[in-house]
Amino acid sequence: MEQLRILHCLRAPVGGLFRHVRDLATEQARRGHRVGVLCDQTASDSLTEERLARLVPHLDLGLHRAPMARSLGLSDLAAYQRARDLIETLRINVAHGHGAKGGAYARLAVRTLRQRGADITTFYTPHGGSLHFAPGTMQARIFMSLERQLMAMTDGLIFESGFARARYLQRVGGANIAQRVIFNGVTDGEFAPRVLHEDASELLFIGELRQLKGVDVLLRALVEVRETFPARLTIVGEGSEGDAFKTLARELGLGEHVRVTGALPAREAFALGRILVVPSRAESLPYVVLEAAAAGCPLIATDVGGIPEIVKQTDVALVPADDAGRLAARVCELLGDPAMAERQAAQLKARVREQFTVETMTDQILEFYGNAAAALAA
């Protein structure tokens, strides 16, 4: 493939969306393409700045920042103008927007530049984005309307899961636009076996501490589990409802059996618990499941979002969301049969190694870029 000049545009450089962009941009650069990133300058904490600093050496076209508010406002005009000017001055030929705001800036900028005769293709990966708004709310109606208007400026849609694609088509539309499901991926180094800490708990949760992630369900399940097994739980993460979950643990009599560490890198966190539990009420294609699978960590998860696509063709059985009883039963099943837990972990690791790598993800995205450009030129 000829060398491309690619700009990835996103709002907040945090979470799974940023991890996706970081991995994709780094691998594209390794393959000889020239890559730049535009993101929000107001998301600035020490961890974010450290992650961005590690990305910069891979960005021949630079790391660029602009104010990008979460809600709609006047700052959106300045961010759009920044994207337009960068795409023009850097002679970008592939603009890839990520998330609702990044997708809007990239596509609006490309529309303007095409009117001036520029030859640019534009791609959009929603990553949930505006689809997270509850249907029927004012925010959802506004953002869905904007998403529909932006479809006419989109050369290709990329979804990280079949679940995300189905939800987008249902709520926004776009069946007539070139599109492809391309799974997120993990790196080779993440397949190294984990080494458990000597005081590892039986159960582990890693994630944002909010209701959507089902921490309260896990705590209630733990009460039932402890009637059969003296299980302990380590909670790794931070969030707006962390204090509420600590209070709930005390109210349930779990205080001394639950350890809360705060946020940690995933590889460090995997050493703190034997079985990862993902009790989410909703997900897209969670990186923590891919990372845990690569590390060989046994998994218990809910049947939501793209998680079934990850565990497909393995013996890993998912449980319904918001069902503490079923979750407790699954935990007891794996605690009672460690050999089965390890066997299922090995199956899942093999599946992730085959289908969910950064190399495969990048292969497919670059191929999609090329196909879309060829279709436009035809």
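Just so it is clear, the structure is predicted and the values come from calculations on it, not from any experiment. (Residues numbered from 1 in each chain as written. Predicted model: local features only at pLDDT ≥ 70, side-chain atom pairs only at ≥ 80, totals over all residues. Heavy atoms only, no water.)

A.B. asks: So what exactly am I meant to see when it comes to the overall build of the protein chain here?
C.D. replies: In terms of helices and strands, the protein chain carries 14 helices and 12 strands. For 378 residues, the compact-globule estimate of 2.2 N^0.38 gives 21 Å, and the C-alpha radius of gyration of the protein chain, at 21 Å, lies within 12% of that figure. Referenced to the eigenvectors of the C-alpha coordinate spread, the extents of the protein chain come out at roughly 70 × 40 × 40 Å. When burial is assessed residue by residue, the protein chain has 54% of its 378 residues classed as buried. Contacts in the protein chain between residues at least 24 apart in sequence constitute 76% of all its contacts with a sequence separation of at least 6. For the protein chain, the accessible area works out to roughly 16,300 Å², and carbon and sulfur atoms hold 51% of it. Averaging the locations of the 44 positively and 44 negatively charged side chains of the protein chain gives two centres separated by 5 Å. (Helix = DSSP H or I, 4+ residues; strand = E, 2+ residues; numbered from the N terminus. Rg over C-alpha atoms; globule rule 2.2 N^0.38 Å. Buried < 20%, exposed > 50% of the residue type's maximum accessible area, 1.4 Å probe, protein only. Contact = heavy atoms within 4.5 Å. Areas by Shrake-Rupley, 256 points an atom, 1.4 Å probe, with all protein chains shown as cover. Lys, Arg positive; Asp, Glu negative; His and termini not counted. Charge placed at Lys NZ, Arg CZ, Asp CG, Glu CD.)

A.B. asks: Would you mind showing me how to read the layout of surface pockets here?
C.D. replies: Over the atoms a probe the size of a water molecule is rolled, and this reveals where empty space is left. Roughly 300 Å³ of internal volume is contained in the second largest pocket. For the second largest pocket, the lining is made up of 15 residues, of which Asn93, Asp119, Thr121, Tyr369 and Ala373 are closest to its centre. Here the element with the most residues in the lining of the second largest pocket is helix H14 (residues 358-377); it accounts for five residues. Split by residue class, the lining of the second largest pocket holds nine nonpolar, three polar and three charged. (1 Å grid on protein atoms, 1.4 Å probe; cavity = no way out; pocket = protein on both sides within 12 Å on 5 of 7 lines; lining within 4 Å. Points joined across faces, edges and corners; volume = space filled by probe spheres on them. Nonpolar A, V, L, I, M, F, W, Y, C, P; charged D, E, K, R; others polar.)

A.B. asks: Sorry, what's going on with helix H4 (residues 99-115) here?
C.D. replies: Residues spaced three or four apart along an α-helix point in a common direction, a consequence of the helix completing one turn every 3.6 residues. The end-to-end C-alpha distance of H4, which contains 17 residues, comes to 24 Å, matching closely the 24 Å that a straight helix rising 1.5 Å per residue would cover. Of the residues trailing H4, Gly117 is marked for its positive phi of about 100°. (Expected span 1.5 Å × (residues − 1).)

A.B. asks: Is there a simple way to explain the sheet that holds strand E6 (residues 156-159) in this structure?
C.D. replies: The strands making up a sheet are joined through hydrogen bonds of the backbone, oriented either antiparallel or parallel. Strand order in the open sheet made by the seven strands is E3-E2-E1-E4-E5-E6-E7, with parallel pairing throughout. Of all the strands in the sheet, the pair left with one neighbour each is strand E3 (63-66) and strand E7 (179-181). Pairwise comparison of adjacent strand axes, ignoring direction, gives a mean angle of 20° for this sheet. Here strand E4 (residues 94-98) runs beside strand E5 (residues 121-125); their pairing, made up of five bridges, is parallel. Across the sheet, the residue bridging to Val94 is Thr121, located in E5. (Pairing = 2+ DSSP bridges. Axes fitted to C-alpha atoms, helices over the stretch in contact; angles between N-to-C directions.)

A.B. asks: Where do I start with the sheet that holds strand E12 (residues 299-301) in this structure?
C.D. replies: Across the sheet, which stays open at both edges, the five strands sit in the order E10-E9-E8-E11-E12 with parallel pairing between neighbours. Whereas interior strands pair on both sides, the edge strands pair on one side only; in this sheet they are strand E10 (258-262) and E12. Adjacent strand axes in the sheet meet at a mean angle of 25°, parallel and antiparallel pairs treated alike. Relative to strand E9 (residues 233-236), strand E8 (residues 201-206) runs parallel, the two sharing four bridges.

A.B. asks: Help me out: how do you make sense of the side chain of Arg84 in this one?
C.D. replies: Positionally, Arg84 belongs in helix H3 (residues 75-89). Those residues in contact with Arg84 that lie beyond four places of it in its chain are Ala109, Thr112, Leu113 and Arg116.

A.B. asks: Help me understand helix H13 (residues 338-355) in this model?
C.D. replies: If you check H13, its first and last C-alpha atoms are 26 Å apart, about what 18 residues at 1.5 Å a residue would give, namely 26 Å. Along H13, the positions that sit buried rather than exposed are Met340, Ala341, Gln344, Ala345, Leu348, Lys349, Arg351 and Val352. Its buried side turned inward, H13 meets helix H10 (287-295), E12, helix H11 (307-311) and helix H12 (324-336).

A.B. asks: Sorry if this is basic, but what is going on with the pattern of salt bridges here?
C.D. replies: Side-chain pairs of opposite charge can arise whenever the charged atoms involved come near each other. On inspection of all chains with the given rule, the structure shows 24 salt bridges. One salt bridge connects Arg19 with Glu190, and the closest N-O pair in it is separated by 2.7 Å. Taken together, the positions of Arg19 in helix H1 (residues 15-30) and Glu190 in the loop between E7 and E8 put the pair 171 residues apart, joining distant regions of the chain. Residue class for Glu190 comes out buried when judged on its relative accessible area of 12%. Its salt-bridge partner being Glu88, residue Arg116 comes within 3.4 Å of it at the nearest N-O pair. (Salt bridge = Lys/Arg side-chain N within 4 Å of Asp/Glu carboxyl O.)

A.B. asks: Looking at this structure, I do not really get a nonpolar patch on the surface. What am I missing?
C.D. replies: Taken together, the side chains of Leu72, Ile142 and Leu146 present a nonpolar region at the surface, about 230 Å² in accessible area. Locating Leu146 in the fold gives a position in helix H5 (residues 138-151). Residue Leu146 is classed as partly exposed on the basis of its relative accessible area, which comes to 33%. (Patch = residues over 30% accessible without salt bridge, like charges linked within 9 Å, V, L, I, M, F, W, Y side chains within 5 Å.)

A.B. asks: How do you make sense of the pairing of E6 when you look at a structure like this?
C.D. replies: Each regular strand displays side chains that alternate between the two surfaces of the sheet. Here E6 shows no split at all, with Gly156 and Ile158 on one side and Leu157 and Phe159 on the other all buried. Following the backbone out of E6, through helix H6 (residues 162-171) and into the adjacent parallel E7, one traces a crossover that is right-handed. (Right-handed = clockwise from strand over helix to strand, strands pointing away.)

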